[in-house]
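Summary of structural features
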Amino acid sequence: MKHSSEQDQHAERAIYDDDDEQKTISRQQFQLTRNRLLHAQIQNELLFEFLITAVLCVGFWSLLQARLVLGWALLSIISAGWRALFISERYPNVSLENVRVFGTSYLSATVFSGAVWGSFGAIICFIGNSTDQLFALFALTGITLAAYTSMQSFPKIFAAFVIPAMMPTVACLAYSQDYLNVAYAVFASLFCVLMLMSTRGMHSLLASSIKLSSHNTELIYNLLAARKSNDTAKNLLESANKELQQQIEERRRVEDRIRESKERMQAIFEGMQDTLYQVDKEKIITWATPSIKQLLGYRPNELVGKSARVIHLSDQDFEKHGQALDDSFGRLQHYESMLLHKDGTPVWVSENAMYKYNEVGGITGYEATLRDITALKQTKEALFLAQERAYVTLSSIGDGVIVVNLDGVVEYMNIVAEQGTGWKLEEAHGQQLIDVLKLVDEKTLDAIPDPIQLCLDEARTIMLPGYLLIVHRHLNQRISIEVNASPIRNSDGEISGVVLVFHDVSELRSLAQMTYHATHDSLTGLINRREFEKRVQQALANTRDKDTRHALCYLDLDNFKVVNDTCGHVAGDELLKQLTQTLRSELREGDTLSRIGGDEFGILFCGCSIASAERLAEKIRNMIDHFRFVWDDRSFRIGASIGLVPITDNSGTMSDVLSAADSACYVAKESGRNRIHVYEVNDSALVEQHGQMQWVQRIQEVLEEDRFRLYFQTIAPIDPQLRATEKLHGEVLLRMLDRDERLVGPGSFIPAAERYSLMSTIDRWVVENTLRILARDMDTVIARLNACSINLSGQSLSDERFMKSLVKLIDDTGVPPELLCFEITETAVISNLTSASHLIASLRDMGCRFALDDFGVGLSSFGYLKNLAVDYLKLDGCFIKNMTKDSIDYAMVKAINSVGQTMKIKTIAEFVENEETLAALRSIGVDYAQGYIIAKPSPLEEALYGRVSSAA
């Protein structure tokens, strides 16, 4: 009976629920029908609205401002789009039955749309005539009819559109007091009332129709509900039976899982080596795992109920354990202590423990895990003793020992290593080896490669190559050492670190250094001349015994004296050291470099043909040519004259080879410097060098027989306009006439004259004859000549008698001093600075001009320009010849010209041979040019007077 009553109650609730659902369905059908009507008609309404908008825009375009018409049209379109948005476009992927059009959003859109139309009617009523007002009223009436078609079942929505759309226009017409307009207003008002009443009627008709349909549906639904009630009661009964069976089955599975879990936990407790035990708040043991028998000798039931004090060695240990648990806030981690075995022996354990709490947070005891670490403690102690013995041993040996890991971090160092590096073990521990052990190469003082990485790469014991120095951390000392690096391997044979052992070899090195200093140059570290001669002797013996080839290179620096004289010997020594490092970098491994003299070097190319040696020598010469030495903000450019001799089995003695190399080097220097000369048997240049002493007699004969000839080469302005207007300017050049009436250039006899101090005599001859030719026709010379440049040698500058005779010659000949320009080379000025300054000052007081010749070979020249009153700077031809191809030469020319222009000194470029160079000089701003592109040398009288005298 009880079960039947429950079924009736369920059925009754189902009927009530169904009745509510039926009412809900009726409301949904009513809304659905209205929604379909609205959706079906809204498109026609909007289309008609757009059409009327277009007609009104066209009709009132001339009446209203275009901006006002377009603005209103835009608002009309926006309002129409807003209304349409809430009907179809807002839910593009939802069925029509789910579309919602009622609510604040759609009502706001409808009011806004009606207001837009009403504003247009009001505007027309205010500014239009009667016809315009009537037309606007008809248009609004049409819009109202269009809205009615879609809103006829929505009285509120229709009223929300019609009232703001029609009332502004109706009010304006009624207010005009024109009877016709008032009649129109009354008609429009009645029309709106009829439309509103019609929508209410349509709303009631639609509701009645849907209600009738709902009653018919309800009769059918009640019949189905009775049947559904019986089926529901049956289903509820079956569901209850199934649920009861599931609960019984689930309880059986839970009991099985609990039993299996209990068995597993028991097996874990019995098999685990660690021991678990629990203690209550009175420190009484309440539970322990069976493994406590193996750890402390007690069975679990022997300890349960006893105080935990029984397993501790003493009361102090027991209290210390409790205090440690309190201090760690009830959570001990890896707490090491000694417990008492049942047989009285101590047992080392590691304990993890934590408090147990009840439901209100009170402490009820603690639970702990014990692990036997007795064997581990014994192993650690044995390892410590072994390590201590090793450290004592390492501290007692005489070598430095440093142990590092694979990352190069220091882990240990003995006392010797501390003394050698300046680091204490406490400071060095954890530091990188490269920061603690400072090793440098003894020769270069450069840091060496990482020894740890070298050892790991080889995976074996290695000795670091070379001569090494250890740099003390604090003291200014370096100790010569030898270093071994050995890998440390673990039990699996894998490398786990590296041990470095270094040994002090200072005494052995000092003995070696004595031998080294006896065979090496103290300044550059190169082998000295005596050792070099030994190696040349060995090379000669080698060529005879093994039929191999070698080559000897003799190198003499150009312009080295300039650095020594201008900056002192300290600068000269620094130049030699820098150049030595550069030369070493260019040589092959088997070649020998030696400093033979002050600025002279020897190179022995071993196993090298003369052709290969010449290529190597050219590489060295080019390197020296581009080398720049900077001292006190001054830069110097040097060069090298190189003599090269092949060493074969026919080369003679060691002295013969060195003499041949020296002669070849001299020929290179006399041939213009900064070049290479290869020695050959019967070499004409060498023959000429050996015969230079004969030139002394020949020069004296030429002077006595008056066989010197004067030539003149024009120096012209680079600016073409100035070239056409400026007077003649040129340099006097010297030629010799030999016995066969052939002209000999100055390069053949000037070196001998300089070497054997004949230049003062030659300069006197040149000055005397130049002034004599100038004085022959003074009027012509004054009319045509701007400046006549005469070269003076360094020997003449240092000759006080020559200076006095020069002043007397100018006075005696009557040649205007302003026509004379004396050229002095840069090297001559620097070598005779005091004499040169005195001569320049004396002659300038007379009116003579001065030019500094071959300027720029050493940039030390810039320092002297401030103290030398010169009128012209002649840029050395070595810069000019390749300036269009060499950016450095171009920059040098530009820099020198800039300095000259700043100091108001005219600049002259020598060796200008082509238009390309001339154009480059013009772009830089050089004032004058001298060279074959300007004019070739011609006899002096021909250049001055257009003829050659018969005396010539």
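Cut-offs applied
- Residues numbered from 1 in each chain as written.
- Predicted model: local features only at pLDDT ≥ 70, side-chain atom pairs only at ≥ 80, totals over all residues.
- Heavy atoms only, no water.
- Helix = DSSP H or I, 4+ residues; strand = E, 2+ residues; numbered from the N terminus.
- Contact = heavy atoms within 4.5 Å.
- Areas by Shrake-Rupley, 256 points an atom, 1.4 Å probe, with all protein chains shown as cover.
- Buried < 20%, exposed > 50% of the residue type's maximum accessible area, 1.4 Å probe, protein only.
- Polar contact = N/O pair within 3.5 Å; in protein donor to acceptor, adjacent residues only side chain to side chain.
- 1 Å grid on protein atoms, 1.4 Å probe; cavity = no way out; pocket = protein on both sides within 12 Å on 5 of 7 lines; lining within 4 Å.
- Points joined across faces, edges and corners; volume = space filled by probe spheres on them.
- Nonpolar A, V, L, I, M, F, W, Y, C, P; charged D, E, K, R; others polar.
- Salt bridge = Lys/Arg side-chain N within 4 Å of Asp/Glu carboxyl O.
- Pairing = 2+ DSSP bridges.
- Axes fitted to C-alpha atoms, helices over the stretch in contact; angles between N-to-C directions.
- Phe/Tyr/Trp six-rings, centres within 6.5 Å; stacked < 30°, edge-to-face > 60°.
- Patch = residues over 30% accessible without salt bridge, like charges linked within 9 Å, V, L, I, M, F, W, Y side chains within 5 Å.
- Expected span 1.5 Å × (residues − 1).
- Lys, Arg positive; Asp, Glu negative; His and termini not counted.
- Parallel < 35°, antiparallel > 145°, perpendicular 65-115°, else oblique.
- Left-handed = near helix turned anticlockwise from the far one by under 90°.
- pLDDT = per-residue confidence, 0-100.

We now examine the overall build of the protein. A count of helices and strands for the protein gives 35 helices and 30 strands. Residue pairs in contact within the protein that sit at least 24 positions apart in sequence constitute 63% of those at least 6 positions apart. In the structure as shown, the protein presents an accessible area of about 51000 Å², 54% of it carried by carbon and sulfur atoms.

This brings us to the side chain of Glu731. Counting through the fold element by element, Glu731 comes out in strand β22 (residues 728–737). The exposure class assigned to Glu731 is buried, which follows from its relative accessible area of 6%. Among the polar contacts listed, one links the side chain of Glu731 to the side chain of Gln930, at a separation of 2.8 Å. Ignoring sequence-local partners within four residues, the contact set of Glu731 consists of Tyr711, Phe712, Gln713, Ile715, Ser789, Asn791, Glu823, Lys874 and Gln930.

Vacant regions in the atomic arrangement are exposed by a probe of water-molecule size rolled over the atoms. Of the voids in this model, the second largest pocket is the one considered here, and its volume is about 860 Å³. Around the second largest pocket sit 30 residues that line it, and Lys443, Tyr516, His520, Gly525 and Arg584 are the ones nearest its centre. Put simply, the parts of the chain that give the lining of the second largest pocket at least two residues each are α15 (506–519), α18 (569–586) and β14 (592–595). Among the elements that line the lining of the second largest pocket, the one with the most residues is α15, at 5 residues. Counted by class, the lining of the second largest pocket contains 10 nonpolar, 11 polar and 9 charged residues.

Across all of its chains, the model carries 33 salt bridges by this definition. One salt bridge in this structure joins Glu458 and Arg460, with 3.3 Å as the shortest N-O distance. Overall, the relative accessible area of 43% leaves Glu458 in the partly exposed class. For Arg460, a relative accessible area of 45% translates into the label partly exposed. As a salt-bridge pair, Arg535 and Glu531 come within 3.4 Å of each other at their nearest N and O atoms. Of this pair, Arg535 and Glu531 are both found in helix α16 (residues 529–546), 4 residues apart, which corresponds to roughly one turn of the helix. Using a relative accessible area of 15% as the deciding quantity, one classes Glu531 as buried. Linked through salt bridges whose partners overlap, the residues forming this network are Glu249, Glu250, Arg252 and Arg253.

On to the sheet that holds β14, then. As summarised here, the arrangement of the 5 strands in space is β14-β15-β13-β18-β19, forming an open sheet in which the pairing is mixed. Of all strands in the sheet, those with a lone pairing partner are β14 and β19 (676–678), marking the two edges. When strand polarity is set aside, the average angle formed by the axes of neighbouring strands in this sheet is 20°. Sheet analysis places strand β13 (residues 550–558) next to strand β18 (residues 639–647), joined by 9 bridges and oriented antiparallel. Each residue of the ladder has a partner; that of Asp558, found in β18, is Gly639. Strands β13, β18 and β19 of the sheet are contacted by helix α20 (residues 654–670), whose axis makes an angle of about 145° with β18.

This part is about the packing of aromatic side chains. Taken as a whole, this structure holds 9 aromatic pairs when the rule is applied. Centre to centre, the rings of Phe708 and Phe749 are 5.6 Å apart; their planes meet at 50°, and the pair counts as tilted. Within this pair, whereas Phe708 is found in strand β20 (residues 708–714), its partner Phe749 is found in helix α24 (residues 746–755), the two being separated by 41 residues in sequence. Residue classification places Phe749 among the buried positions, given a relative accessible area of 0%. Aromatic pair Phe822 and Phe850: ring centres 5.9 Å apart, planes at 40°, arrangement tilted. A residue pair is termed long-range when its members are at least 10 positions apart, and Phe822 in strand β25 (residues 820–825) and Phe850 in strand β26 (residues 849–855) qualify at 28 residues. Of the two residues, Phe822 and Phe850, both sit in the buried class.

This part takes up a nonpolar patch on the surface. A cluster of nonpolar side chains, contributed by Phe48, Leu51, Val55 and Phe135, occupies part of the molecular surface with about 350 Å² of accessible area. Relative to the assigned elements, Val55 resides in helix α1 (residues 2–59).

This part is about the sheet that holds strand β1 (residues 275–280). One open sheet accounts for 5 strands, arranged β2-β1-β5-β4-β3; its pairing is antiparallel. Edge positions in the sheet fall to β2 (285–288) and β3 (331–340), since each of these pairs with one other strand and no more. Sheet twist, expressed as the average angle between the axes of neighbouring strands with direction ignored, equals 30°. Bridging between strand β4 (residues 346–357) and strand β5 (residues 363–372) involves 9 bridges; their strand directions are antiparallel. Within the sheet, the bridge partner assigned to Glu351 lies in β5 and is Leu370. Taken strand by strand, helix α9 (residues 315–327) contacts β1, β3, β4 and β5, and its axis lies near 175° from that of β3.

To continue, consider unusual backbone geometry. One can expect most non-glycine residues to show negative phi and most peptide bonds to be in trans. Positive phi is not limited to glycine here, since Asn674 has a value of about 55°. As for its placement among the helices and strands, Asn674 is situated in the loop between α20 and β19.

What follows is about helix α25 (residues 759–776). With 18 residues, α25 ought to run about 26 Å at 1.5 Å a step, and its terminal C-alpha atoms sit 26 Å apart, in line with that. What α25 keeps buried is the set Met759, Ser760, Ile762, Asp763, Trp765, Val766, Val767, Asn769, Thr770, Leu771, Ile773 and Leu774.

Time to look at the pairing of β13. The element β13 is extensively covered by neighbouring structure, given that 9 of its 9 residues are classed as buried. Neither face of β13 is open: one carries His550, Leu552, Tyr554, Asp556 and Asp558, the other Ala551, Cys553, Leu555 and Leu557, and all of them are buried.

The next point concerns the side chain of Asp927. Following the sequence through the fold, Asp927 ends up in the loop between α34 (915–924) and β29 (928–929). For the buried Asp927, no salt bridge exists, and the shortest N-O distance to an oppositely charged side chain is 4.4 Å, to Lys906. Within polar-contact distance, the side chain of Asp927 engages the backbone nitrogen of Thr907 at 3.0 Å.

This part takes up the packing of α16 against α20. At their nearest, the axes of α16 and α20 sit 9 Å apart, and the two run at 110° to each other. On the basis of their axis angle, the class for α16 and α20 is roughly perpendicular. Here α16 runs over α20; the crossing is right-handed. Along its contact with α16, which presents Phe532, Glu533, Val536, Gln537 and Leu540, the element α20 presents Met654, Val657 and Leu658. Residues belonging to the contact of α16 with α20 are distributed by class as follows: 6 nonpolar, 1 polar and 1 charged.

Turning our attention to α16. Between its first and last C-alpha atoms α16 spans 25 Å; for 18 residues at 1.5 Å apiece the expected length is 26 Å, and the two agree. The set of residues buried in α16 consists of Glu531, Phe532, Val536, Ala539, Leu540 and Thr543.

This brings us to the environment of Asp545. Looking at the element boundaries, Asp545 is found in helix α16. Placed 104 residues apart in sequence, Asp545 and Asp649 show a C-alpha to C-alpha distance of 8.8 Å.

Another aspect to go through is the packing of α25 against helix α28 (residues 800–813). Relative orientation of the contacting elements α25 and α28 amounts to 10°, with a least axis distance of 10 Å. In terms of axis orientation, α25 runs roughly parallel to α28. Every residue of α28 that contacts α25 at Ser760, Asp763, Arg764, Val767, Glu768, Leu771 and Ala775 is listed here: Phe802, Ser805, Leu806, Leu809, Ile810 and Thr813. A class-by-class count of the residues in the contact of α25 with α28 yields 7 nonpolar, 3 polar and 3 charged.

The predicted model of the protein averages 81 in pLDDT, with 84% of residues at 70 or higher. Confidence scores differ between elements of the protein, with helix α21 (residues 684–690) showing the lowest mean pLDDT of 52 and β29 the highest of 95. Scored below 50 in pLDDT, residues 10–19 shows 5 contacts in the model against residues more than four places distant or in partner chains.

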